[in-house]
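For reference, the chains in residue letters:
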Amino acid sequence: HVCGVFSPVMSHFCDESDSSLDISFQPSKAKRESYTRLISRDGHFNVKQKGVRWWSLLSADVYHFFLNMGWFGLLFVSLMYWTLANLLFAGLYYIDIESIDGSQGETFKDAFFFSVQTMSTIGYGNQHPNSLYINIVVFFQAWISLVTDGMVFSILISKLSRPARLRHTVRFSEVAVMNAETPSYHPAKDRQVSDPGGTYEEGEVVLSFRILNLRKRQLCNPILAIKLLKRDPEGNFVFHELDFENNRQVGRTRDVTWSSLYLPLPWIVTHPVNKLSPLYGMSKKDMIDQECEIVVIFDVIDELSSKNFQIRWSYLPSEILWGRTFAPMVIRDKDGCLAVDSELLSETRPARGMIEGSVQASGDTSDFEF
């Protein structure tokens, strides 16, 4: 039982009565950030662009402006274009409506529906041009329809083929944990470039979170980046790179700060909070005061479509649980196969050991109320 051994520090995180069974610990809402997160929970950026007008973006790049537009907005714009274009050409046809054979009543309605048939190349056969002027208008309308239809179909196909929705099949844990139980890499004292050596040991504070791929298909060529966003004393927002691991690799050179993710199992990504980490010595209050946010960017290639897509996530200080570690979520079923319980992705339990550094350095644990 770790709570009594490491009191009074760990008693701040544990309930002496039933800590071993507690895997549903959640931070309280007593201390929350007053600032808005950079990455929303749907993966979009909460950044307002001031001084940028939508028409300047439209004039700079028409194709990608509409490609980045939502489905509702795109369909609405295409409907408005279709209606206005037909109204415009209907007005041109109405100038010489008598030269459109087959019109009944020679009204603007006849001109409008003749325009619709021309632009959509329906050609029912009842109405047809019978003058040079009408044929010239038909010529330009057919040409404009050919060009715009190609653009619209290109945008639609591009939007349908984009694997953007696949990001919803990759889940991050709702919380990150900070503890000294998760083993971290300790380099050998007499390390050599050709043989770095080292061991994985408990005792060093680490920050961890989990990622789970909900699909059976493999995610190829994964690239993960972790950054700490915070405000410096001058009031500027700066990014700090955070080193990480998810595979235990004793033999590789630590100068290569990457660790590939491949297996279709939950990935525990760990960042060592040592003297090289920008989180070293920071308390939860320090993180809130400096408006910290840990940003995770995960870029992968879908095995089926061979297209890459990106998932973005972030953790605020109130979403980092101190003195906790993740509960196991991978077991073997009765057939001996590995089974993953996705509902346990964010479940935690009390961690063994005492958190060094910021808790002891501050001399007070009041910053860590959850």
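What you see is a predicted model, and the numbers here were worked out from it, not measured in a lab. (Residues numbered from 1 in each chain as written. Predicted model: local features only at pLDDT ≥ 70, side-chain atom pairs only at ≥ 80, totals over all residues. Heavy atoms only, no water.)

*Asks:* Outline the pattern of salt bridges, supporting the account with residue identities and numerical values.
*Replies:* This structure, assessed with the given rule, holds ten salt bridges. The network of salt bridges with common partners includes R37, R41, E174 and E319. (Salt bridge = Lys/Arg side-chain N within 4 Å of Asp/Glu carboxyl O.)

*Asks:* Tell me about the environment of R165, residues and numbers included.
*Replies:* If you trace the backbone, R165 turns up in the loop between α6 (132-161) and β3 (170-172). Given a relative accessible area of 63%, R165 falls into the exposed group. Considering only alpha carbons, one finds R165 and F309, 144 residues apart in sequence, at a separation of 8.8 Å. (Helix = DSSP H or I, 4+ residues; strand = E, 2+ residues; numbered from the N terminus. Buried < 20%, exposed > 50% of the residue type's maximum accessible area, 1.4 Å probe, protein only.)

*Asks:* So what's going on with the pairing of strand β10 (residues 267-272)? Residues and values would help.
*Replies:* In terms of burial, β10 is a largely internal element, five of the six residues being buried. Note: strand β7 (residues 206-213) against β10, six bridges, orientation antiparallel. Within β10, the position partnered with F209 by the bridge is V269. (Pairing = 2+ DSSP bridges.)

*Asks:* Please set out the nonpolar core residue by residue, giving values where relevant.
*Replies:* Nonpolar side chains in soluble globular proteins generally cluster together in the buried interior. Membership of the largest hydrophobic core comes to 32 residues, with the highest contact counts inside it found for F172, F209, I211, I294, F298, Y315 and I320. Taken together, the elements giving at least two residues each to this core come down to β3, β4 (176-179), β7, β8 (219-231), β10, β11 (293-302), β12 (308-315) and β13 (320-322). With 14 residues, the next largest nonpolar core counts A90, Y93, V116 and V137 among its residues. (Core = buried A, V, L, I, M, F, W, Y, C linked by side-chain atoms within 4.5 Å.)

*Asks:* Residues and numbers for the packing of aromatic side chains, please.
*Replies:* Under the counting rule described, the total for this entry stands at nine aromatic pairs. Ring plane angle 80 degrees and centroid distance 5.3 Å describe the contact between F112 and F113, whose orientation is recorded as edge-to-face. Where F209 meets Y315, the ring centres are 5.5 Å apart and the plane angle is 40 degrees; that geometry is what we call tilted. Here the residue F209 occupies a position in strand β7, and Y315 occupies one in strand β12, the gap between them amounting to 106 residues. The exposure class of Y315 is buried, given its relative accessible area of 0%. In this structure an aromatic cluster arises from ring pairing among F172, F209, W313 and Y315. Its end group placed over the ring of W71, K159 keeps NZ or CZ at 5.2 Å from the ring centre. (Phe/Tyr/Trp six-rings, centres within 6.5 Å; stacked < 30°, edge-to-face > 60°. Lys NZ or Arg CZ within 6 Å of the ring centre and 35° of its normal.)

*Asks:* So what's going on with the pairing of β4? Which residues, and what values?
*Replies:* What you see with β4 is no split at all: A176 and M178 on one side and V177 and N179 on the other are buried throughout. Where β4 lies against β13, three bridges are found, and the strand directions are parallel. Opposite M178, over in β13, you have W322 as the bridge partner. Two elements, β4 and β7, share three bridges in a ladder whose sense is antiparallel. By the bridge assignment, N179 is partnered in β7 with V206.

*Asks:* Describe in detail the confidence of the model for the protein, supporting the description with residues and values.
*Replies:* Put simply, the protein has an average pLDDT of 78, and 80% of its residues get 70 or more. Scored below 50 in pLDDT, residues 1-30 shows 51 contacts in the model against residues more than four places distant or in partner chains. Taken together, the stretch residues 356-370 has pLDDT below 50 and engages in 35 contacts with residues farther than four places along the chain or on a different chain. (pLDDT = per-residue confidence, 0-100. Contact = heavy atoms within 4.5 Å.)

*Asks:* Requested: an account of the packing of helix α5 (residues 108-119) against α6, with residues and values cited.
*Replies:* Across the interface, α5 lies against α6 with an axial gap of 9 Å and an inter-helix angle of 50 degrees. Here α6 runs oblique to α5, going by the angle between their axes. Handedness of the crossing formed by α5 with α6: right-handed. Of the residues in α6, those in contact with F114, S115, T118 and M119 of α5 are I134, V138, Q141, S145 and D149. (Axes fitted to C-alpha atoms, helices over the stretch in contact; angles between N-to-C directions. Parallel < 35°, antiparallel > 145°, perpendicular 65-115°, else oblique. Left-handed = near helix turned anticlockwise from the far one by under 90°.)

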